[in-house]
Every structure is written in C-alpha cells, then in structure tokens.
Amino acid sequence: QVQLVESGGGLVQPGGSLRLSCAASGSIFSIRDMAWYRQAPGKQREAVAGMISGGSPNYADSVKGRFSISRDNANMVSLQMNSLKPEDTAVYYCYAAVVTRKWGSPNYYWGQGTQVNVSS
C-alpha cells in the first residue's frame with residue numbers, strides 16, 4: 001500500500017505565495033511520475049503541473065510562469081505557487097504513478113487533498 005500526504009495549503013492574499021509538498025510512503029520500488037491536480041467547487045479536476053522521473057516539467061497554461069514543480073527527492077514533490085490569483089482557489093491533489101516491485105507496472109495513487117484559498 002502507498003500513501004500520499006500533502007501539506008502546505010492555506011489562505012493567502014492575491015499576489016501571495018504558497019508552497020505545497022507531497023510525501024509518498026509505503027511499498028515503493030520507484031515512482032515514475034508525480035503531479036499536482038486541482039479541483040475548484042463545481043468544476044472538474046484539472047492537471048496543474050507534472051513531472052516524469054528524469055524529465056522536464058509540464059504546466060497548465062493557466063499557471064505557466066507562476067507555478068514551479070520540483071522533485072525534492074525520489075518520493076517527494078513540491079509545488080511552489082507565486083503570484084496567486086483568486087481563480088487558483090481549489091483543493092490541490094498530489095498524484096503519483098508508483099511501481100511497487102521490480103519489473104512491475106505502475107499503480108496510480110492520489111493524496112487526500114489540501115485546500116488553497118486565495119482571497120483578500
């Protein structure tokens with residue numbers, strides 16, 4: 001079993017910054033992809049930023065130039081969010097494609113989510 005635990009959400013004023021972190025634990029052989037998604041009230045969950053192990057990051061157009069994803073170590077990913085806007089308000093979810101044994105196929109896991117509120 002694999003667990004993803006997010007931290008770092010909260011309330012911030014427009015133009016402010018927050019840093020989200022996600023730590024994976026459990027039966028992990030390797031993690032192929034890690035990514036951040038978000039879901040605003042009444043909207044579908046959408047991809048925000050992602051990174052394949054050893055690859056370059058990808059970003060949604062709405063956050064390019066403001067958000068930055070990084071793999072802090074093999075089992076951790078962070079999302080630095082700058083110049084936050086009210087429309088960034090959402091629950092942010094960590095996602096990981098985890099290989100649990102050698103030569104195994106990845107399984108996909110989600111964290112429980114962390115709330116980000118951008119408001120004055």
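Coordinates for the structure precede this section.
The text that follows walks through the structure, step by step, so that each part is easy to find. All values reported here derive from a predicted model rather than from experimental measurement. (Residues numbered from 1 in each chain as written. Predicted model: local features only at pLDDT ≥ 70, side-chain atom pairs only at ≥ 80, totals over all residues. Heavy atoms only, no water.)

Concerning the pattern of salt bridges
- Tallying each qualifying case throughout the model produces six salt bridges.
- Put simply, Arg19 and Asp72 hold a salt bridge, and the shortest N to O gap is 3.6 Å. Remark: Asp72 occurs in strand S7 (residues 67-73) and Arg19 occurs in strand S3 (residues 18-26); sequence separation between them is 53 residues.
- Of the residues examined, Asp72 reaches a relative accessible area of 39% and is grouped as partly exposed.
- One salt bridge connects Arg38 with Glu46, and the closest N-O pair in it is separated by 2.7 Å.
- Here the salt bridges do not stand alone but share partners, grouping Arg38, Glu46, Arg66 and Asp88 into one network. (Salt bridge = Lys/Arg side-chain N within 4 Å of Asp/Glu carboxyl O. Helix = DSSP H or I, 4+ residues; strand = E, 2+ residues; numbered from the N terminus. Buried < 20%, exposed > 50% of the residue type's maximum accessible area, 1.4 Å probe, protein only.)

A short note on the state of the cysteines
- Under the counting rule described, the total for this entry stands at one disulfide.
- One disulfide in the model links Cys22 with Cys94; its S-S distance is 2.1 Å. The sign of the S-S torsion, about -80 degrees, decides the handedness of the disulfide formed by Cys22 and Cys94: left-handed. Here Cys94 lies in strand S9 (residues 90-99) and Cys22 lies in strand S3, a separation of 72 residues in the sequence.
- Overall, Cys94 belongs to the buried group, its relative accessible area being 0%. (Disulfide = S-S within 2.5 Å.)

Fair warning: the whole summary comes from geometry, so function is off the table for now.
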